[in-house]
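# Coordinate analysis (summary)
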Amino acid sequence: MLDKPLEDAGSAAFAPQKDALNVWLITGVNGAGKTTTIGKLAHIAQKSGYNCLIAAADTFRAAAVEQVKVWGSRSGVEVIANPGKNTDPAAVVFDAITAAKSRQADLLLVDTAGRLQNKKNLMDELSKIRRIIDKKAPDAVVESLLVLDATLGQNGLRQAEVFSEAAKLSGVVLTKLDGTAKGGIAIAIVQQLGLPIRFIGAGEGIEDLRPFSSYEFVEALLNG
Ligand SMILES: Nc1nc2c(ncn2[C@@H]2O[C@H](COP(=O)(O)OP(=O)(O)OP(=O)(O)O)[C@@H](O)[C@H]2O)c(=O)[nH]1
Ligand SMILES: [Mg+2]
């Protein structure tokens, strides 16, 4: 069951497509681990020889741009940000796509502000970001990933449903699996929304991201 969405998506291995701009939109509720995941992904991408850029589209929280810049410098990946205050995140994404095209980047990682799925204005803002990506980069390979805190339980399903609609989700990253949580909610998400789980976050460090393996996941779930 966990493997089915991977098969439907074409391939189990998840990597940026070569000879194209890949845009990975990273979404989720507050504190799920989006920015940390961006840092880890930038690190792997850089190590694997992809030309990577980060869009700092969390313009909501004052310290968010600084935080993602720290991750950018750890991984040696440039961060596109807007220096103004309270700027429109969709405008940052617009600028970042322009930069990615002119630098012939392979992968643009878009950090977004945490938002609760019941805040309509913030979900509309996310839809707008998604629309800008589709419009400004029609030839890009877009992945829209929900970062889901494994410790959250059943609320995760509702989150995934609403985010799926607003951001046209194509996959899930399950974080904080290094703690006691087993992330059983992922099974409901896979079953009900047909979304593949792409990565597992298992720690706060830059190396603590792994590709999802259904075998290891089920084994860990049952061995608890
Ligand atoms: N143990 C553990 N902690 C994690 C993991 N991923 C992220 N964290 C921690 O979770 C906290 C929030 O991480 P962020 O990356 O800032 O989360 P975010 O989704 O960007 O948060 P907002 O931008 O405020 O919505 C930080 O303390 C991270 O170190 C993980 O896989 N395991
Ligand atoms: Mg963040």
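Figured I'd write up the structure that's included with this text. Note that this is a predicted model, so its numbers are computed, not measured. (Residues numbered from 1 in each chain as written. Chains lettered and ligands numbered in written order. Predicted model: local features only at pLDDT ≥ 70, side-chain atom pairs only at ≥ 80, totals over all residues.)

For ligand 1, the set of nearby residues contains 22 residues, the closest of which are Gly33, Thr35, Thr36, Gly114 and Gly201. Ranked by residue count, the leading element in the shell around ligand 1 is helix 2 (residues 34-47), at three residues. Of the residues that constitute the shell around ligand 1, the class distribution is four nonpolar, eleven polar and seven charged. (Near = placed C-beta within 6 Å. Helix = DSSP H or I, 4+ residues; strand = E, 2+ residues; numbered from the N terminus. Nonpolar A, V, L, I, M, F, W, Y, C, P; charged D, E, K, R; others polar.)

This part covers the nonpolar core. Most often, soluble globular proteins have nonpolar side chains that are buried together. Within the largest apolar cluster, 68 residues are counted, with the highest numbers of intra-cluster contacts made by Ile54, Ala55, Val93, Leu108, Leu109, Val110 and Val172. Considering each element in turn, this core owes the most residues, seven residues, to helix 4 (residues 89-102). Not counting residues within four places of it along the chain, the set of residues in contact with Val172 comprises Leu145, Leu146, Leu148, Ala160, Ala186, Ile189, Leu195, Ile197 and Arg198. (Core = buried A, V, L, I, M, F, W, Y, C linked by C-beta atoms within 7 Å. Buried ≥ 20, exposed ≤ 12 C-beta atoms within 10 Å, placed from the backbone. Contact = placed C-beta atoms within 7 Å.)

For the rest of this paragraph, the subject is helix 6 (residues 155-167). Three- or four-residue spacings in an α-helix give side chains the same orientation, since the helix completes a turn every 3.6 residues. The first and last C-alpha atoms of helix 6 sit 18 Å apart over 13 residues, in line with the 18 Å expected at 1.5 Å per residue. The complete set of buried residues in helix 6 reads Gly156, Gln159, Ala160, Val162, Phe163, Ser164, Ala166 and Ala167. Those residues of helix 6 hidden inside the fold are in contact with strand 1 (22-27), helix 5 (120-136), strand 5 (141-149), strand 6 (171-175) and helix 7 (185-193). Of the residues flanking the end of helix 6, it is Lys168, one or two places downstream, whose phi is positive at about 50°. (Expected span 1.5 Å × (residues − 1).)

Now for the packing of helix 2 against helix 3 (residues 64-75). Between helix 2 and helix 3, whose axes approach to 9 Å, the crossing angle comes to 20°. Considering their axes alone, helix 2 and helix 3 lie roughly parallel with respect to each other. Note on packing geometry: the crossing formed by helix 2 with helix 3 is right-handed. Side by side, helix 2 and helix 3 meet where Thr35, Ile38, Gly39, Ala42, His43 and Gln46 of the first sit next to Gln67, Val68, Trp71, Gly72, Arg74 and Ser75 of the second. (Axes fitted to C-alpha atoms, helices over the stretch in contact; angles between N-to-C directions. Parallel < 35°, antiparallel > 145°, perpendicular 65-115°, else oblique. Left-handed = near helix turned anticlockwise from the far one by under 90°.)

Sheets are built from strands paired through backbone hydrogen bonds, the pairs being either parallel or antiparallel. Judged by pairing direction, the sheet is mixed, and its eight strands sit side by side in the order 3-2-4-1-5-6-7-8 without closing on themselves. Across the chains shown, the open sheet's two edge strands, defined by having one partner strand only, are strand 3 (78-80) and strand 8 (209-211). Averaged over all neighbouring strand pairs, the angle between strand axes comes to 25°, with direction disregarded. Two elements, strand 6 and strand 7 (residues 197-201), share three bridges in a ladder whose sense is parallel. Paired with Val172 across the strands is Ile197, a residue of strand 7. Packed on one face of the sheet, helix 2 meets strand 1, strand 2 (52-57), strand 4 (107-112), strand 5, strand 6, strand 7 and strand 8 and runs near 170° to strand 4. (Pairing = 2+ DSSP bridges.)

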